[in-house]
Amino acid sequence: MDKREFLKQLRKGLSGLSRADITERVSFYTEMIDDYMEEGLSEEEAIQRIGTVNEITFQILADASPVPKKHNSWKIAAIILGSPIWLSLLISVLAVALSLYASLWAVVISLWSVFGALCSCFLAGILSGAVFAATGYIVPGVAMIGAGLVCAGLSVFVFYGCKAASKGAVLLIKKAGQSIKSNSAKRRVQNA
Amino acid sequence: MDIQLKRGLLDICVLAAIKDGDSYGYKIIRDMKPYIALSESTLYTILKRLEMADMLTVRTTEHDGRLRKYYHITKKGLQRIENFKREWNEILSIYRFVTKEDAKNG
């Protein structure tokens, strides 16, 4: 194994640590390998001297303090003292999210109500046209029926538009939910 | 050896290795080798701990077109070595007390 491969594997083995910690440790081992090589060891021998990645990660665990992490009481105090700030921020963020959600559905609902209006115009046009025609007003009656048919035709187009809009809205909400979930999961991994 | 005791002793050893002049990782291990074997990973942990405790400072310099970290002992680090020397007498007398029975029997 050459130095590059070794350092790559080491980086992978240390991936549970913070980024700064990984960089520092990797540069430490890089310096060690370079110094061994400067003393006349081959690259292979220098890496053997350092040990395997497994040995290194095991050593890190063994060297880690067995004392459990103290609860930072000042941290808790800061959270409580800062509540007027973060609480109001949290509420406003939630309010913005809620309003976005509501306006999305408002758009969908208004599209469907256009569809509903067209449908009722169709029915009303046919009905009133028939009444007009029956009472002797032939020409306005025919015009009413025609208008009703036009509404019916438009409603077919609007129906497909409404369907697509509803589908899109559902998809958008699903995606937003997923990205929030994966973000919080990532954060949890980083904090661990 | 008891892990806490060993940890404390190794800290002193590393401080002693940089006492008479700044040194770097490889040289510290090489200088300690005749007395005590130390793995690179253990050395890293010790150096980090001593840095956190303000017993040494780190400076990065260029060497042969690459970077090398030099470790410099602080006053606090020197103090730690002096304390250890004083404590050692205490440890010796504890040792004598502990092995008293053995000496009688043996």
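All values reported here derive from a predicted model rather than from experimental measurement. (Residues numbered from 1 in each chain as written. Chains lettered and ligands numbered in written order. Predicted model: local features only at pLDDT ≥ 70, side-chain atom pairs only at ≥ 80, totals over all residues.)

S.K.: So what exactly am I meant to see when it comes to the overall build of chain A here?
M.R.: If you tally the helices and strands in chain A, you get seven helices and zero strands. Listing every helix and strand of chain A by position from the N terminus yields α-α-α-α-α-α-α. Of the contacts made within chain A by residues no fewer than 6 positions apart, 55% connect residues no fewer than 24 positions apart. (Helix = DSSP H or I, 4+ residues; strand = E, 2+ residues; numbered from the N terminus. Contact = placed C-beta atoms within 7 Å.)

S.K.: Looking at this structure, how should I read the overall build of chain B?
M.R.: Scanning chain B from N- to C-terminus turns up five helices and three strands. Secondary structure elements of chain B, listed N to C terminal, follow the sequence α-β-α-α-β-β-α-α. Evaluated residue by residue, chain B yields a buried proportion of 21% over its 106 residues. For chain B, the proportion of contacts with a sequence separation of at least 24, taken over those separated by at least 6, is 51%. (Buried ≥ 20, exposed ≤ 12 C-beta atoms within 10 Å, placed from the backbone.)

S.K.: Mind showing me how you'd approach the sheet that holds strand S1 (residues 23–24) of chain B here?
M.R.: Within a sheet, neighbouring strands are paired by backbone hydrogen bonds and run either parallel or antiparallel to one another. Residues and elements named next belong to chain B. If you walk across this open sheet you meet the three strands as S1-S3-S2, and the pairing is antiparallel. A single partner strand is all that each edge strand has here, and the edge strands are S1 and strand S2 (56–63). Where S1 meets strand S3 (residues 66–73), two bridges bridge the pair, whose relative direction is antiparallel. Paired with Ser23 across the bridge in S3 is Tyr71. (Pairing = 2+ DSSP bridges.)

S.K.: Is there a simple way to think about helix H4 (residues 75–98) of chain B in this case?
M.R.: One turn of an α-helix holds 3.6 residues; hence residues three or four places apart share an orientation. Residue and element names in this part refer to chain B. When the terminal C-alpha atoms of H4 are compared, their 34 Å separation across 24 residues agrees well with the 34 Å that a helix rising 1.5 Å per residue should span. Approximately 30 degrees is the largest bend angle found in H4, and it occurs at Glu87. With two of 24 residues buried, H4 lies mostly on the surface of the structure. (Expected span 1.5 Å × (residues − 1). Bend = angle between axes of the 7 residues up to and from the residue.)

S.K.: So what exactly am I meant to see when it comes to the confidence of the model for chain A here?
M.R.: Detail in the predicted coordinates should be disregarded across regions flagged by low pLDDT. Mean pLDDT for chain A: 86, with 93% of residues reaching 70 or above. Of all helices and strands in chain A, the one with the weakest mean pLDDT is helix H5 (residues 73–81) of chain A (79), whereas helix H2 (residues 19–38) of chain A scores best (92). (pLDDT = per-residue confidence, 0-100.)

S.K.: Help me understand the interface of chain B and chain A in this model?
M.R.: By convention, interface size is frequently given as the accessible area that disappears when the constituent parts associate. Listed by partner, the interface residues are 12 residues for chain B and 14 residues for chain A. Breaking the side of chain B that touches chain A down by element, the ones donating at least two residues are helix H2 (25–32), helix H3 (40–52) and S3 of chain B. When residues in the side of chain B that touches chain A are grouped by element, the largest group, five residues, is from H3(B). Per-class residue counts for the side of chain B that touches chain A are three nonpolar, five polar and four charged. (Nonpolar A, V, L, I, M, F, W, Y, C, P; charged D, E, K, R; others polar.)

S.K.: Could you clarify how one ought to interpret the nonpolar core in this entry?
M.R.: Residues and elements named next belong to chain B. Counting 15 residues, the largest nonpolar core has Val14, Ile18, Leu47 and Leu50 as the members making the most contacts within it. Within the residue set of this core, elements represented by two or more residues are helix H1 (3–17), H2, H3 and S3. Per-element tally for this core: the top contributor is H3, with five residues. (Core = buried A, V, L, I, M, F, W, Y, C linked by C-beta atoms within 7 Å.)

S.K.: For this particular structure, what's the right way to read the pairing of S2(B)?
M.R.: As a general feature of sheets, a regular strand has side chains that alternate between the two faces. All names here are of chain B. By the bridge criterion, eight bridges tie S2 to S3 in an arrangement that is antiparallel. Residue pairing across strands places Thr61 opposite Arg68, the latter belonging to S3. Hairpin connection between S2 and S3: a loop of two residues separates the two successive antiparallel strands, and Asp64 in this loop has a positive phi of roughly 60 degrees.

S.K.: What am I meant to see in the confidence of the model for chain B here?
M.R.: Counting all residues, the mean pLDDT for chain B is 90, and 97% of those residues have values of 70 or more. Across the predicted assembly, pTM comes out at 0.54 and ipTM at 0.84.

S.K.: Is there a simple way to explain unusual backbone geometry in this structure?
M.R.: Backbone phi values are negative for most residues with the exception of glycine, while trans is the configuration of most peptide bonds. Residue and element names in this part refer to chain B. Residues other than glycine seldom take positive phi values, yet Asp54 does so here, at roughly 60 degrees. As for its placement among the helices and strands, Asp54 is situated in the loop between H3 and S2. Given 11 C-beta atoms within 10 Å, Asp54 falls into the exposed group. Positive phi outside glycine occurs at Asp64, with the angle close to 60 degrees.

S.K.: Which parts of the structure should I look at to understand H1(B)?
M.R.: All names here are of chain B. In this model H1 runs 21 Å from its N-terminal to its C-terminal C-alpha over 15 residues, within 8% of the 21 Å that 1.5 Å per residue would give. Those residues of H1 that fall on the buried side of the exposure criterion are Asp11, Val14, Leu15 and Ala17. Burial along H1 is one-sided: seen end-on, the buried residues are contained in an arc of 160 degrees. Opposite the packed face of H1, turned more than 90 degrees from it, sit the exposed residues Leu5 and Lys6. Contacts from the buried residues of H1 go to S1, H2, H3, S3 and H4. (Arc of directions from axis to C-beta.)

S.K.: Help me out: how do you make sense of the packing of H2(A) against helix H3 (residues 43–50) of chain A in this one?
M.R.: How two helices sit against one another is set out by the angle between their axes and by the gap between those axes. Residues and elements named next belong to chain A. Running from N to C, H2 and H3 cross one another at 130 degrees; their axes reach a closest spacing of 9 Å. With respect to each other, H2 and H3 are oriented oblique. H2 and H3 meet at a crossing whose hand is right-handed. Contacts between H2 and H3 pair Tyr29, Met32, Ile33, Tyr36 and Met37 from the former with Glu43, Ala46, Ile47, Arg49 and Ile50 from the latter. (Axes fitted to C-alpha atoms, helices over the stretch in contact; angles between N-to-C directions. Parallel < 35°, antiparallel > 145°, perpendicular 65-115°, else oblique. Left-handed = near helix turned anticlockwise from the far one by under 90°.)

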